[in-house]
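# Structural description and commentary
Chain by chain, the residues:
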Amino acid sequence: MSLKGHSLGYWRLKLQAMTLLVFARNASAERTFDTMLSLWPGDAYALASRAHVLAARGARELAIADAQALVARHPQRSAADWFNLAYLLEEAGRYDEAIPAFRRAVELDPKLDRAWYGLGLTLIRLQRLDEAVEALKHNTQLQPMSPYGWYQLARVHLDRHEPDETRKIIRHLHSFEPKVAAQLERETGLAP
């Protein structure tokens, strides 16, 4: 009666929750996750999903608590779990707590470009610009055609009083994102 160590009751509740999420019945899904967690405390699927539902309804601190419980119980499970926790912490303005979570995400998956980007943005907010440059360089290496990391990297170089580096990025952006390059030129007053 068990599939991968779970009872038939577990799979019924999980299927019910998934169906409720598909039909955007988040409040009902949240109650189903509550039931699952009362029966199977620490269940990774229920914690991750309930955190998502809580965040969607604006219950950020409750979502953070679930995300923290998830990574505490399953620290090696997924870089995405750490990224989600970091993102929630960053959104809550808890930057000093977000940084180690972003770092853990990229430790588990060095190719998780969005975690490098989030780490870079968080470091910028804390004015840790040298570290932000390194994080954004990782992001732009993984996403060379995405203008977001390049834009932030150019802004950091400007804040570090490195106009030549900013110009190089503007020049680079002209090759594939001329609108973003033009925006940077206007904002910085620098021409390539």
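For clarity, every value in this text was computed on a predicted model and none was experimentally measured.

Reading the values: rules and limits
- Residues numbered from 1 in each chain as written.
- Predicted model: local features only at pLDDT ≥ 70, side-chain atom pairs only at ≥ 80, totals over all residues.
- Heavy atoms only, no water.
- Helix = DSSP H or I, 4+ residues; strand = E, 2+ residues; numbered from the N terminus.
- Rg over C-alpha atoms; globule rule 2.2 N^0.38 Å.
- Buried < 20%, exposed > 50% of the residue type's maximum accessible area, 1.4 Å probe, protein only.
- Contact = heavy atoms within 4.5 Å.
- Areas by Shrake-Rupley, 256 points an atom, 1.4 Å probe, with all protein chains shown as cover.
- Expected span 1.5 Å × (residues − 1).
- Polar contact = N/O pair within 3.5 Å; in protein donor to acceptor, adjacent residues only side chain to side chain.
- Axes fitted to C-alpha atoms, helices over the stretch in contact; angles between N-to-C directions.
- Parallel < 35°, antiparallel > 145°, perpendicular 65-115°, else oblique.
- Left-handed = near helix turned anticlockwise from the far one by under 90°.
- Nonpolar A, V, L, I, M, F, W, Y, C, P; charged D, E, K, R; others polar.

## Some points on the overall build of the protein
Secondary structure assignment for the protein yields 11 helices and zero strands. In the protein, the succession of helices and strands from N to C terminus is α-α-α-α-α-α-α-α-α-α-α. Relative to the globule expectation of 16 Å for 192 residues, the C-alpha radius of gyration of the protein, 21 Å, shows a markedly less compact shape. Along the three orthogonal principal directions, the C-alpha set of the protein runs to about 65 × 30 × 30 Å. Residues counted as buried form 44% of the 192 residues belonging to the protein. By sequence separation, contacts in the protein at least 24 residues apart represent 44% of the contacts at least 6 residues apart. As displayed, the protein offers around 10500 Å² of accessible surface, 54% of which is attributable to carbon and sulfur atoms.

## A short note on helix α3 (residues 44-56)
Compared with the 18 Å implied by 1.5 Å per residue over 13 residues, the 18 Å span of α3 between its first and last C-alpha is a close match. Turning to α3, its buried residues number three or more, namely Ala44, Tyr45, Ala46, Leu47, Ser49, Arg50, Ala51, Val53 and Leu54. The backbone nitrogen of Tyr45 lies 3.4 Å from a side-chain oxygen of the residue at the head of α3, namely Asp43. Downstream of α3 by a residue or two, Gly58 has a phi angle that is positive, lying close to 90°.

## Looking at the packing of helix α8 (residues 129-142) against helix α9 (residues 147-159)
Close contact between α8 and α9 brings their axes to 9 Å; oriented N to C, the two are set at 155°. Overall, the two elements α8 and α9 adopt an arrangement that is roughly antiparallel. Both α8 and α9 take part in a crossing whose hand is left-handed. Within the contact between the two elements, α8 uses Leu129, Ala132, Val133, Leu136, Lys137, Asn139 and Thr140 and α9 uses Gly149, Trp150, Gln152, Leu153, Val156, His157 and Asp159. Broken down by class, the residue content of the contact of α8 with α9 amounts to seven nonpolar, five polar and two charged.

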